[in-house]
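A look at the structure
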Amino acid sequence: MTQLGLPEAIQACLFDLDGVVTKTALVHAAAWKETFDAFLRDYDGETGRPFDADAEYDEYVDGRPRADGVRAFLDSRGIHLPEGTPDDPPGTRSVHGLGNRKNALLLDKIRTGGVEAYAGTLRYLEAVRAEGLRTAIVSSSANCRDVLRAVGAEHYFDVRIDGVVAAERHLPGKPHPDTFLAAARDLGVEPSRAAVFEDALAGMDAGRAGGFGYVVGVDRVGQREALYAHGATIVVNDLAELGGKE
């Protein structure tokens, strides 16, 4: 193992954004809860069971593209809505309408509350770059670039594969490995020589399915065993535990 806590063969590091680089996973969960709770009250009345921002967020939404998250959660409740279109106004009773409502809430929360990066991750990124490894950010978020700029972290990454790029290239999102595979390809590195850093169960699934050389699970919310079950090679609470600069 290197001083970065990675196998010697690793040449590139592929990082998820929310929950790995930035402290936005909880903001996403809050925006989803507000969106789904309002919809469920309207759909089921006051007797409707609220969205669980812990278990259901982890199982159905975290790490997935917005529309996929909407479909997965609604399917779990036996609810089927029309797809609509990506231009549906926020709150329209459609898959895209709910997704757009969540995004509007998320952006408002980011604007009013700000965005922070994990200091341990930024130090680790500096160490990774100093060792000459190539880096990519791989996120389902269409707001990835804006968030990176907000925390001054855009320069840490050679390649960005986010919701915008995935839509342009018609790449299915996590738990499919396609976005991570695209990042490795853009970096000119075989998946077996790339490490994936993820906090979402869907991201673990993608890392395992893509045949990546090392899959680091970042446990921010107490789901260590689930991260291992979904394919993590190792689980840490913070990337500072792997090594690099103090």
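The notes below deal with the structure included here.

Rules used throughout
- The written sequence of each chain sets the order in which its residues are numbered from 1.
- For a predicted model such as this one, the threshold for reporting local features is a pLDDT of at least 70, and the threshold for listing and counting side-chain atom pairs is 80 or more; totals across whole chains, interfaces and linings nevertheless cover every residue.
- Where side-chain values are given, they derive from all heavy atoms of the structure, hydrogens and water being excluded.
- What counts as a ring pair is set by centres within 6.5 Å for rings of Phe, Tyr and Trp (its six-membered ring), and what kind of pair is set by the plane angle: stacked under 30 degrees, edge-to-face over 60, tilted for all other angles.
- Think of it as a cone above the ring: NZ of Lys or CZ of Arg counts as a charge over the ring if it is within 6 Å of the ring centre and within 35 degrees of the ring normal.
- We call a residue buried when its accessible area falls under 20% of the maximum for its residue type, exposed when it is over 50%, and partly exposed in between, using a 1.4 Å probe and counting protein chains only.
- Here a helix means four or more residues in a row that DSSP labels H or I, a strand means two or more in a row labelled E, and each is numbered from the N terminus.
- Two strands are said to pair when DSSP picks up at least two bridges between them.
- When the strands point away from the viewer and the path from the first strand over the helix to the second turns clockwise, the crossover is right-handed.
- Helix span is expected to be 1.5 Å times the residue number reduced by one.
- Throughout, nonpolar core names a set of buried Ala, Val, Leu, Ile, Met, Phe, Trp, Tyr and Cys residues whose side chains join them through atoms within 4.5 Å.
- Whether two residues are in contact is decided by their heavy atoms: any pair within 4.5 Å suffices.
- Each axis is a line fitted through C-alpha atoms, and for a helix only the stretch in contact is used; angles between axes span 0 to 180 degrees, taken between their N-to-C directions.
- Put simply, angles under 35 degrees are roughly parallel, angles over 145 are roughly antiparallel, angles from 65 to 115 are roughly perpendicular, and the rest are oblique.
- Handedness of a crossing is defined here by the sense of rotation of the near helix relative to the far one, left-handed for an anticlockwise turn of less than a right angle and right-handed for a clockwise turn.
- Classification used: nonpolar for Ala, Val, Leu, Ile, Met, Phe, Trp, Tyr, Cys and Pro, charged for Asp, Glu, Lys and Arg, polar for all others including Gly.
- Any carboxyl oxygen of Asp or Glu within 4 Å of a side-chain nitrogen of Lys or Arg constitutes a salt bridge here.
- Here a polar contact is taken to be a pair of N or O atoms separated by no more than 3.5 Å, where protein atoms must pair a possible hydrogen donor with a possible acceptor and residues adjacent in sequence count only if both atoms sit in side chains.

The full count for this structure, using the stated rule, is nine aromatic pairs. Aromatic rings pair up to connect F15, Y124, F157 and F197 into one cluster. Here the basic side chain of R220 rests over the ring of Y118, its NZ or CZ set 3.5 Å away from the ring centre.

Strand β5 (residues 214–218) sits mainly inside the fold: five of its five residues count as buried. Where strand β4 (residues 194–198) meets β5, four bridges bridge the pair, whose relative direction is parallel. The partner of F197 across the bridge, within β5, is V216. In this sheet, strand β6 (residues 234–236) lies alongside β5 in parallel orientation, the contact comprising three bridges. When the bridges of β6 are listed, V218 appears paired with V236. Crossover β5 to β6 through helix α10 (residues 224–229) is right-handed.

Next up on the list: helix α4 (residues 95–113). For α4, which comprises 19 residues, the first-to-last C-alpha distance of 27 Å matches the rise-based estimate of 27 Å (1.5 Å per residue) to within 8%. Residues V95, H96, G97, L98, G99, N100, K102, N103, L105, L106 and I110 constitute the buried set of α4. Directly beyond the C-terminal end of α4, a positive phi value near 80° is found at G114.

Judged by nonpolar contacts, the single largest core of 36 residues is most densely connected at L6, F15, Y124, I137, F157, F197 and L239. Counting only elements with at least two residues in this core, the list comes to β1 (12–15), α4, α5 (119–130), α6 (144–150), β4 and β5. Looking at which element gives the most residues to this core, the answer is α5, with five residues. Filtering out sequence-adjacent residues up to four positions away, F157 remains in contact with F15, V21, L125, R129, T135, A136, I137 and L148. If you look at the next biggest cluster of nonpolar residues, it comprises 19 residues, including I161, V165, V196 and A206.

Further remarks concern the packing of helix α1 (residues 25–44) against helix α3 (residues 66–76). Packed helices, taken two at a time, are described by their axes: the angle between them and the distance between them. At their nearest, the axes of α1 and α3 sit 13 Å apart, and the two run at 45° to each other. Between α1 and α3, the interaxial angle falls into the category oblique. In this structure, the crossing between α1 and α3 has a hand that is right-handed. Contacts from W32, F36, F39 and L40 of α1 reach α3 at R66, G69, V70, F73 and L74. Its residues assigned to classes, the contact of α1 with α3 shows seven nonpolar, one polar and one charged.

Considering all chains together, one arrives at 18 salt bridges under this definition. The salt bridge partner of D158 is R134, with a shortest N-O separation of 3.8 Å. Taken as a pair, D158 in the loop between α6 and β3 (159–161) and R134 in strand β2 (residues 134–138) lie far apart in primary sequence, 24 residues in all. Across the salt bridge formed by D186 and R169, the nearest N and O atoms sit 2.9 Å from each other. Taken together, the positions of D186 in helix α8 (residues 178–187) and R169 in helix α7 (residues 163–169) put the pair 17 residues apart, joining distant regions of the chain. In the salt-bridge network here, residues are joined through shared partners; they are D16, K174 and E198.

Among the residues making up helix α9 (residues 201–209), those that are buried are L201, A202, G203, M204, A206 and G207. Considering only its buried residues, α9 is in contact with α2 (55–61), α8, β4, β5 and α10. Once α9 finishes, G211 follows within two positions and takes phi at roughly 70°, a positive value.

The next thing to look at is the side chain of K174. Mapping K174 onto the fold places it in the loop between α7 and α8. Taking the relative accessible area as the measure of exposure, K174 reaches 2% and is therefore buried. Reaching out from K174, the side chain makes a polar contact with the backbone oxygen of V138 at a distance of 3.1 Å. Of note is the side chain of K174, whose polar atom sits 2.6 Å from the side chain of E198.

Purely geometric stuff here, so don't read any function into it on its own.
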